[in-house]
Amino acid sequence: MPHMEPDTFYYDVYLGRWAPIDRWVEGGILEDTTAMREHLIEQYEAALGTLFSHDKSRTIFIEEAHSYMSTHRVSPVVELLLREGRHQRLSLVFITQRVQEFNKFAWSQMTHTITFKWANHIDINYISQTIPDFEHINASLGEHDAVLFDHKTLEHEVIRGSELIRLTKHLG
């Protein structure tokens, strides 16, 4: 990938290369986020054929997952990945900070959930609907601890932050 300023290019699967994002941005302000989201969904749909045609396991990370689904709706692309992905040797990792906006159908398809400590009582109650005794588990977590919950066995493991080894430089 050529050197470029952050947030000025995106990978266009139709063109097969990095393309400038300036057609979405005018005067430095994103004018139509809906149009951009629809364009990205079109690109994801085009990529599905490639994803499903490979015969090796792949993992797809979906950052800001709540943008592709709501509590009552899942985008057609994400729904297809949820329903057919495991048969195509695809694993999905959903990342969101808006847990209440995360779709329950999507959550019901998960084999594992990894979550950190939550402070908002409404979020804690929401997660407790999926992870038994989460309020108690959450109360036991330290600042950088995480919980790994297995939806099949209903067992959880607390991963202490002190046990983690950072392999990359922290830039945040």
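This is a predicted model, so every value here is computed, not measured.

Caption draft 1: Inspection of helix H2 (residues 76-84) at higher detail. When H2 is considered as a whole, its buried residues turn out to be Val77, Val78, Leu81 and Leu82. For H2, the arc enclosing every buried residue in end-on projection is 135°, short of the 170-degree limit, so these residues lie on one face.

Caption draft 2: Molecular detail of the environment of Thr111. Along the chain, Thr111 turns up in the loop between helix H3 (104-108) and strand S7 (112-116). Spatially, the C-alpha atom of Thr111 lies 9.4 Å from that of Thr153, the residues being 42 residues apart in sequence. Non-local contacts of Thr111, meaning those with residues more than four positions away in its chain, are made with Phe149, Asp150, His151 and Lys152. Within the local environment of Thr111, its side chain forms a polar contact with the side chain of His112, the two groups lying 3.3 Å apart.

Caption draft 3: The sheet that holds S7, seen in detail. The three strands are arranged S7-S8-S9 in an open sheet whose pairing can be described as antiparallel. Each edge of the sheet is formed by a strand with only one pairing partner; in this case those strands are S7 and strand S9 (155-159). For this sheet, the mean inter-axis angle between neighbouring strands, taken without regard to orientation, is 20°. Relative to strand S8 (residues 146-150), S7 runs antiparallel, the two sharing five bridges. If you follow Ile114 over to S8, its bridge partner there is Leu148.

Caption draft 4: A look at the pairing of S9. Relative to S9, S8 runs antiparallel, the two being bridged by five bridges. Paired with Leu148 across the two strands is Glu157, which belongs to S9. The antiparallel hairpin formed by S8 and S9 contains four residues in its connecting segment, where Leu154 sits at a positive phi of about 65°.

Caption draft 5: Region of interest: the side chain of Asp123. Residue position: Asp123 is located in helix H4 (residues 121-128). At 9.6 Å, Arg98 is the nearest oppositely charged side chain to Asp123, a buried residue that forms no salt bridge. In terms of polar contacts, Asp123 uses its side chain to reach the side chain of Gln100, at 2.7 Å. Look past the residues within four positions of Asp123 in its chain and what remains in contact with it is Val99, Gln100 and Trp118.

Caption draft 6: How the structure looks around the nonpolar core. Counting 29 residues, the largest nonpolar core has Ile62, Val78, Leu82 and Phe94 as its most contacted members. Going through the elements one at a time, strand S5 (58-62), H2, strand S6 (90-94), H3, H4, helix H5 (134-139) and S8 are the ones with two or more residues in this core. Ranked by the residues each element gives to this core, the list is headed by H2, at four residues. Apart from residues no more than four positions distant in its own chain, Phe94 is found in contact with Ile62, Ala65, Met69, Val78, Leu82, Phe102 and Met110.

Caption draft 7: Just the pattern of salt bridges, in detail. Applying the stated criterion across every chain, the model contains two salt bridges. Arg98 is the salt-bridge partner of Glu101, the closest N and O atoms lying 3.9 Å from each other. Residue Asp145 is joined to Arg160 by a salt bridge in which the shortest nitrogen-to-oxygen separation is 2.6 Å. Here Asp145 is found in the loop between H5 and S8, whereas its partner Arg160 is found in the segment after S9, with 15 residues between them in sequence. Residue class for Asp145 comes out buried when judged on its relative accessible area of 8%.

The rules we used
- Residues numbered from 1 in each chain as written.
- Predicted model: local features only at pLDDT ≥ 70, side-chain atom pairs only at ≥ 80, totals over all residues.
- Heavy atoms only, no water.
- Buried < 20%, exposed > 50% of the residue type's maximum accessible area, 1.4 Å probe, protein only.
- Helix = DSSP H or I, 4+ residues; strand = E, 2+ residues; numbered from the N terminus.
- Arc of directions from axis to C-beta.
- Contact = heavy atoms within 4.5 Å.
- Polar contact = N/O pair within 3.5 Å; in protein donor to acceptor, adjacent residues only side chain to side chain.
- Pairing = 2+ DSSP bridges.
- Axes fitted to C-alpha atoms, helices over the stretch in contact; angles between N-to-C directions.
- Lys, Arg positive; Asp, Glu negative; His and termini not counted.
- Salt bridge = Lys/Arg side-chain N within 4 Å of Asp/Glu carboxyl O.
- Core = buried A, V, L, I, M, F, W, Y, C linked by side-chain atoms within 4.5 Å.

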